[in-house]
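Now for the letters of each chain:
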Amino acid sequence: MDLPRFTAAAVQAAPVYLDPAATVDKAVALIREAAGRGAELVVFPEVFVPGYPYWNWTMTPVQGSPWYERLYRAAVDVPGPYVETLCSAARQAGVVLVIGVNERGRHSLGVLYNTLLIIGADGELLGAHRKLVPTWAEKLTWTQGDGSSLKVHRTAVGPLGALACGENTNTLARFTLLAQGELVHAAAYIALPVGPEDYDMAEAIALRAAAHCFEGKLFTVVSCSTISPEMVDLIAGDDPQLRRQLTRPHSALSGIFGPDGRAVTEPLVDEEGIVYAEIDLGRCIQPKQMHDIVGHYNRFDVFQLHVNDRPLRPLTYPRDDT
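Residues numbered from 1 in each chain as written. Predicted model: local features only at pLDDT ≥ 70, side-chain atom pairs only at ≥ 80, totals over all residues. Heavy atoms only, no water.

*Asks:* Can you help me understand the overall build of the protein in this one?
*Replies:* Of regular secondary structure, the protein possesses nine helices and 12 strands. Compactness check: the protein gives a C-alpha radius of gyration of 19 Å against a globular reference of 20 Å for 322 residues, within 12% of the reference. Considered along the principal axes of its C-alpha atoms, the protein spans approximately 65 × 60 × 40 Å. Looking at the protein as a whole, 53% of its 322 residues are labelled buried. The long-range fraction of contacts in the protein, counting pairs at least 24 apart against all pairs at least 6 apart in sequence, stands at 71%. (Helix = DSSP H or I, 4+ residues; strand = E, 2+ residues; numbered from the N terminus. Rg over C-alpha atoms; globule rule 2.2 N^0.38 Å. Buried < 20%, exposed > 50% of the residue type's maximum accessible area, 1.4 Å probe, protein only. Contact = heavy atoms within 4.5 Å.)

*Asks:* Even after reading the chapter, I still don't get the sheet that holds strand β8 (residues 184–189), so can you show me in this structure?
*Replies:* The strands that make up a sheet are held in pairs by hydrogen bonds between backbone atoms, and each pair lies either parallel or antiparallel. Overall, mixed pairing links the six strands, which are arranged β6-β7-β8-β9-β10-β11 in an open sheet. Each having just a single partner strand, β6 (153–155) and β11 (268–269) make up the two edges of the open sheet. Bridge count for β6 against strand β7 (residues 158–164) is three bridges, and the pairing is antiparallel. Its bridge partner lying in β7, histidine 153 is registered against leucine 160. Its contacts with the sheet place helix α5 (residues 171–178) against β7 and β8, and it is angled at close to 165° to β7. (Pairing = 2+ DSSP bridges. Axes fitted to C-alpha atoms, helices over the stretch in contact; angles between N-to-C directions.)

*Asks:* It is not clear to me how the side chain of aspartate 292 should be interpreted in this structure. Could you clarify?
*Replies:* Examined against the element boundaries, aspartate 292 turns out to sit in the segment after α9 (285–290). At 3.4 Å, the side chain of aspartate 292 forms a polar contact with the side chain of lysine 288. Excluding residues that lie within four positions of it along the chain, aspartate 292 makes contacts with Tyr297 and Asn298. (Polar contact = N/O pair within 3.5 Å; in protein donor to acceptor, adjacent residues only side chain to side chain.)

*Asks:* Is there a simple way to explain the pattern of salt bridges in this structure?
*Replies:* Pairing between side chains of opposite charge can happen when their charged atoms approach one another. Evaluation of the coordinates by the stated rule reveals 13 salt bridges. Among the salt bridges present, the one from glutamate 46 reaches lysine 131, with a minimum N-O distance of 3.2 Å. Pair noted here: glutamate 46 is in the loop between β2 (39–43) and α2 (55–58) and lysine 131 is in the loop between β5 (125–130) and β6, with a separation of 85 residues, a long-range link. Taking the shortest distance from any N to any O, the salt bridge between arginine 104 and aspartate 77 comes out at 3.1 Å. (Salt bridge = Lys/Arg side-chain N within 4 Å of Asp/Glu carboxyl O.)

As structure tokens, then:
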């Protein structure tokens, strides 16, 4: 049995904030750069296009409402022209691509989704996973996703699943992917300097990645965004306290972790860049003999997980069976 061996790339970068065209152009350039270094899997941060709604954490809901409108107008249609550009870039580079976008709801002006696009090396859009539960202040911006996108995709680099940020703490969501045979996990995050003062985002990211890898005996590619000086200027304005908060260190970490829970190579903290590592899925076999929580190391006569994988819609008509 042959299992894929390949180079993975975890991108740590800032978007061109609230500018989808420029951010997609930046993503395309980074895809080409990573492919030029031999990468066959490239993972981008959560909602990279066109950025994260930090105002939910720094303003009252009323103050943040005009910013929501800016984000909605700058969001991405799936499918749509920006998605087509990203698919074309993946095809031309020959890479499997995971990238986060703000997806505009088609049926309501009040609907935005935190969505991860999974694109095959042939440029096919394999899936669009909508974050199941927006975290904390994010509920002011994003609508919940559903179980229909909680899928593992068969790709050129192996069976791949993806979760956004806090979803990587959701044990049942992670188990759902593992039970579908996931061996490559894409974990997309945003830099979070605006959380509680005692919250170390870089440490939290590494802990989550290590846990999923060790429990599932697989590889995780972690991609986290950064906050550019231009973003600080735009968000903080003349507020010195907010400016200090947005530049707080240890707010971002990107890297690649193996089936023993350890980092395959040194992670990147806070700074922009790309982390590369060689992944050999054959390394997942022997650890599975010890703990296979979706196989011999479980009791399915004792534990059962039921997942509703139907798309949830605001309107359903009864079928006409006549």
